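Close look at the chain arrangement
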Amino acid sequence: MSKDKVPTIGTLDKPENLNDLLKQDRGEDCLPCRVVGGGAFLGLAAYSYFSGTRQLERNRAQILASKSILGMRSRSFGIAATSMGLAWLGIWRLFL
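Structural notes, computed from the coordinates. Note that the structure is a prediction, hence the values are computed from the model and not measured.

**With respect to the environment of Q55**
Structurally, Q55 is set in helix α3 (residues 31-58). Q55 sits 39 residues away from L94 along the chain, and the two C-alpha atoms are 30 Å apart.

**Some thoughts on the packing of aromatic side chains**
Taken as a whole, this structure holds one aromatic pair when the rule is applied. Ring geometry for Y49 and F50: centres 5.5 Å apart, planes at 75°, overall edge-to-face. Exposure remark for F50: the relative accessible area of 54% places this residue in the exposed category.

**Describing helix α5 (residues 72-95)**
For α5, built from 24 residues, the straight-helix expectation of 34 Å at 1.5 Å per residue is met to within 8% by its first-to-last C-alpha distance of 34 Å. Within the span of α5, buried status applies to M72, I79, S83, L86 and G90. Those residues of α5 that are buried are in contact with α3 and α4 (60-65).

**Let's talk about the side chain of S51**
Structurally, the position occupied by S51 is in helix α3. The exposure class of S51 is buried, given its relative accessible area of 11%. Separated by 2.7 Å, the side chain of S51 and the backbone oxygen of Y47 make a polar contact.

Reading guide: rules and limits
- Residues numbered from 1 in each chain as written.
- Predicted model: local features only at pLDDT ≥ 70, side-chain atom pairs only at ≥ 80, totals over all residues.
- Heavy atoms only, no water.
- Helix = DSSP H or I, 4+ residues; strand = E, 2+ residues; numbered from the N terminus.
- Phe/Tyr/Trp six-rings, centres within 6.5 Å; stacked < 30°, edge-to-face > 60°.
- Buried < 20%, exposed > 50% of the residue type's maximum accessible area, 1.4 Å probe, protein only.
- Expected span 1.5 Å × (residues − 1).
- Contact = heavy atoms within 4.5 Å.
- Polar contact = N/O pair within 3.5 Å; in protein donor to acceptor, adjacent residues only side chain to side chain.

Shown next as structure tokens:
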């Protein structure tokens, strides 16, 4: 027969702790994987910020002439927010 222990009704009725399950599923992450992943996100953040602001300045006249609701300030904020989000992901990947 089987040597597996049959769980009781009390243990089946009680759900497992989600945090414990996530810790078991997470596994270990090697240092080179963290460095490459974090560096990629930080590099992408820098690239998106510098290329976005450069393109925004290049198209400044067209944006202002279009009389759009989304002016220069909101577009600049969008570029900065996207870059900061990517930078946060890079820091999270490296250290957290």
